[in-house]
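# Architecture and fold: a report
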Amino acid sequence: MTSIASIIDHTLLKPEATAADVDALIAEAVELGTFSVCVSPSMLPVTVPAGSGLKVAVVCGFPSGKHTTAIKTAEAAESIALGADEIDMVIDVGAAKAGRFDLVEADIASVRGAIPAPGILKVIIESAALTDDEIVAVCKAAVSAGADFVKTSTGFHPTGGATVEAVALMSKTVDGRAGVKASGGIRSFETAAAMVAAGATRLGVSGSRQVLAEEAGAAAATPVAGSY
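None of these values were measured; they are calculated from a predicted model.

Another point: the UniProt feature "active site" (unreviewed entry) in the chain. This chain's UniProt record puts "active site" (unreviewed entry) on Asp88, Lys151 and Lys181. Taken together, the annotated residues stretch across 94 residues yet fold into one region, lying no more than 10.0 Å apart by C-alpha. One can find Asp88 in strand β4 (residues 86-90). Here Asp88 falls in the buried class, since its relative accessible area comes to 0%. Sequence-distant contacts of Asp88, that is, excluding residues within four places in its chain, are made with Asp9, Cys38, Ala57, Val58, Val59, Cys60, Lys122, Ile124, Lys151 and Lys181.

In structure tokens:
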């Protein structure tokens with residue numbers, strides 16, 4: 001059985017994070033076998049152990065999304081040039097709340113243009129701040145603009161982080177045309193597993209060691225077929 005570690009972006013986005021903290025994050029990610037690390041753009045470039053396969057994700061327009069499209073696009077381009085494999089950009093949530101999904105799509109499309117293949121673009125929609133109809137419209141805009149993933153949350157918004165309901169709606173809307181990343185408030189294996197069951201194909205987790213320790217404990221407690 002594949003560990004949930006294989007879909008975790010091991011995350012450190014605290015403003016006070018240091019280069020030493022990021023080095024420790026990378027070492028821990030390699031030890032735990034997570035898919036990637038997710039860090040702030042000012043932390044680049046980083047050194048990933050050769051042969052580890054660890055990817056580097058970097059946030060963009062974070063955490064408010066209220067940067068101009070030109071700034072987001074330049075930030076994404078710089079991060080890619082400095083070694084990022086994936087970009088997690090924040091939409092202008094206000095534009096979505098105002099029903100200007102055309103502006104949301106144009107913003108995403110511009111950032112997409114700064115990320116050549118095989119670079120990955122994830123679009124943070126702040127699902128907890130949106131109605132269901134707005135979530136659907138933003139996810140459709142993201143897919144139309146060429147996003148590879150839609151992502152629930154920054155983890156910094158006061159309305160909260162990922163919910164099972166939002167993940168399920170996002171998964172239904174993108175319908176396999178993009179992945180779904182659940183992020184914000186995933187602090188237990190139970191929560192992580194619920195997000196995956198709802199349709200998440202990637203998880204943003206800062207406390208990955210705890211989540212994976214709980215996964216190991218759950219696996220150890222599960223009887224193996226034929227062992228009775």
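And the narrative resumes.
Here the focus is the nonpolar core. Core analysis: the largest hydrophobic core is formed by 64 residues, its most contacted members being Ile91, Ile108, Leu121, Val123, Ile125 and Leu203. It is helix α5 (residues 132-144) that provides the largest number of residues to this core, a total of six residues. Setting aside its immediate chain neighbours within four residues, Ile91 contacts Ser64, Gly65, Lys72, Ala96, Val104, Asp107, Ile108, Val123, Ile124, Ile125 and Val138.

In this section: the sheet that holds strand β7 (residues 179-183). If you trace the eight strands once around the closed barrel, you get β1-β2-β3-β4-β5-β6-β7-β8, paired in parallel fashion. Pairs of neighbouring strands in the sheet enclose a mean axial angle of 25°, with direction left out of account. Most of the contacts of helix α6 (residues 164-174) go to β7, to which it runs at about 165°, and overall it touches β6 (149-151) and β7.

Attention now moves to the side chain of Glu215. The topology assignment puts Glu215 in helix α8 (residues 208-221). Although Glu215 is buried, it makes no salt bridge; Arg209 carries the closest opposite charge, 12 Å away.

Under the definition given, this model contains one aromatic pair. Ring centres of Phe62 and Phe156 lie 5.2 Å apart, and the angle between their planes is 85°; on these two criteria the pair is classed as edge-to-face. Here Phe62 is found in the loop between β3 (55-60) and α2 (69-81), whereas its partner Phe156 is found in the loop between β6 and α6, with 94 residues between them in sequence. For Phe156, a relative accessible area of 41% translates into the label partly exposed.

Before going further, it helps to examine the pairing of strand β1 (residues 8-11). Here β1 shows a buried face lined by Ile8 and His10 and a second buried face lined by Asp9 and Thr11. Inspection of the sheet shows β1 paired to strand β8 (residues 202-205) by three bridges, in the parallel sense. In the strand pairing of β8, Ile8 is matched with Leu203. In this fold, the crossover linking β1 to strand β2 (residues 36-39) by way of helix α1 (residues 19-32) has right-handed handedness.

Procedures and definitions
- Residues numbered from 1 in each chain as written.
- Predicted model: local features only at pLDDT ≥ 70, side-chain atom pairs only at ≥ 80, totals over all residues.
- Heavy atoms only, no water.
- UniProt positions renumbered as here; feature names shortened; annotations may be inferred.
- Helix = DSSP H or I, 4+ residues; strand = E, 2+ residues; numbered from the N terminus.
- Buried < 20%, exposed > 50% of the residue type's maximum accessible area, 1.4 Å probe, protein only.
- Contact = heavy atoms within 4.5 Å.
- Core = buried A, V, L, I, M, F, W, Y, C linked by side-chain atoms within 4.5 Å.
- Pairing = 2+ DSSP bridges.
- Axes fitted to C-alpha atoms, helices over the stretch in contact; angles between N-to-C directions.
- Lys, Arg positive; Asp, Glu negative; His and termini not counted.
- Salt bridge = Lys/Arg side-chain N within 4 Å of Asp/Glu carboxyl O.
- Phe/Tyr/Trp six-rings, centres within 6.5 Å; stacked < 30°, edge-to-face > 60°.
- Right-handed = clockwise from strand over helix to strand, strands pointing away.

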